[in-house]
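Descriptive structure summary
This is what each chain is made of:
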Amino acid sequence: MTPLSSAPPISMPDLKRPDRLAAPEEVARQLGFTRREFLRSAAGLALGRTVFSGAFASSLSASTLLSRTGIPAKKRKVVVITFGGGARDQETFAPEGQENIPHLMRELIPQSTFFTQVVNRGILGHYVATASLATGAYETINNFASLPPENPTVFEYFRKDLRRPASDAWVVAPSNGFNRIGESNNRSYGPGLGAGVILPKHLLTAATSGGRADYQHLLRDNYETPFYTPELGGREFQLQQLEMILKLSVDDFKKHALTLSSPDELSVYIARQLMRQLAPSLLWITMHDIDIAHAGAYSLYIEGIRRTDRLCADLWKTVQSEPEYAGNTTLFILPDFGRDADDDSGGNGFQHHRTGDPLSRTTWLMALGAGVRQGVVYDRALQSTDLVPTLGSMLGFSPSLAQGKPIAELL
Ligand SMILES: [Zn+2]
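Residues numbered from 1 in each chain as written. Predicted model: local features only at pLDDT ≥ 70, side-chain atom pairs only at ≥ 80, totals over all residues. Heavy atoms only, no water.

**Points about the nonpolar core**
F93, L104, I109, L242, F253, I333 and M366 are the most contacted members of the largest nonpolar core, which totals 62 residues. A total of eight residues in this core trace back to one element, the largest contributor, which is helix α12 (residues 298-321). Beyond its immediate sequence surroundings of up to four residues, I109 is in contact with L39, L45, F93, L104, F114, M366 and G375. The next biggest cluster of nonpolar side chains, apart from the first, holds 43 residues, and it includes Y157, A173, I181 and L334. (Core = buried A, V, L, I, M, F, W, Y, C linked by side-chain atoms within 4.5 Å. Buried < 20%, exposed > 50% of the residue type's maximum accessible area, 1.4 Å probe, protein only. Helix = DSSP H or I, 4+ residues; strand = E, 2+ residues; numbered from the N terminus. Contact = heavy atoms within 4.5 Å.)

**Some points on the pattern of salt bridges**
The final tally for this structure, using the stated rule, is 15 salt bridges. Between E99 and R306 there is a salt bridge, with its nearest N and O atoms 3.6 Å apart. Highlighted residues: E99 in the loop between β2 (77-82) and α4 (102-108) and R306 in helix α12, separated in sequence by 207 residues. Residue D291 pairs with R339 through a salt bridge whose shortest N-O separation is 3.1 Å. Taken as a pair, D291 in the loop between β6 (282-286) and α12 and R339 in the loop between β7 (329-334) and α13 (358-361) lie far apart in primary sequence, 48 residues in all. Considered together, D291 and R339 belong to a single accessibility category, that of buried residues. Here the salt bridges share partners, and the residues they tie into one network are R36, E37, R40 and D379. (Salt bridge = Lys/Arg side-chain N within 4 Å of Asp/Glu carboxyl O.)

**Quick notes on the pairing of β7**
Burial within β7 is extensive, with six of its six residues counted as buried. On β7, burial covers both faces: T329, L331 and I333 on one face and T330, F332 and L334 on the other are all buried. Sheet topology places β2 next to β7; six bridges connect them, and they run parallel. Counted as the bridge partner of V80 is F332 from β7. By the bridge criterion, four bridges tie β7 to strand β8 (residues 362-369) in an arrangement that is antiparallel. By the bridge assignment, I333 is partnered in β8 with M366. (Pairing = 2+ DSSP bridges.)

What follows is the structure, encoded as structure tokens:
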């Protein structure tokens, strides 16, 4: 590691005007480098030395896990948060954006190992991209159809290899379109081996059927195609989830929902309840408020970023204060993808992610908690598909069909 004080002076490339003629890999590299410098100067992070040790990483055994972290494999927990819809650096890591993410900058990043260049080579739609993150393989399913992922999900690998019960893996997802994300249609895995999926909006719809007017601000399903909201049945099942699993009465849930300002707040409320009642070892929470950017209102997009920043810190506090999680949990935060560049005519800057340009593909990842070094930043290129193999090495399962590689710096 190179201490900050001895780092050589660096000339910064202009983030807002990356060389549009450069190859996509070069633009992504520049972006990762610039992001690293933003963090290094603002948060005083050390620069990590990249180590390549994939071979040993994929063969870690449960006993190795114990010696590396001091935590028995059975007690180890992982929480993954997807950082809702993607935001540009201008509104986050760049000097002018840092005021929007005070919790990330001051509390979480200094405690984390941070990767500034995570490239998503897949389809940039929220459901299909989140499914790709969860399978470790670039999924090609229709983003706007109610279909399961084609490759086994992390939840299936985890539960099948480690023989974990259904109560040990859960997803809290933002819209009805995510209802199939818990398990794939792969023949060796699939039904009965995946994660339970909780759709807080669906719960709220079930709880308030007949009188939803007061809850409209929480029920908007999708910011990209407002007319696409798959109708899901199962009101009985939803109310059963609420009362049997989350231990919330319909009335208490409705009353609490009225105090919340956004769908992501509702998701975090549900996730916290799940942590207290079932304490799953693998918990996946997908945020989505930032994606209101599609509506074109910059102020709402900024509000979404600030809220997501706060909610990530709130969840980290919950991890540290819940006895089942404190001290044995690794938290991962990463966006599903970014947003288009300002100077791309098809993209409209902050508003969309439709051009597939390098800025919309180059995101970041932070890990903090059990087994993770604090205050280190790396800018070598990772891929979105590396997350699942990393979780496999950490928890001791084999994601045999994932395309990515374990991130050696986290193992
Ligand atoms: Zn979107």
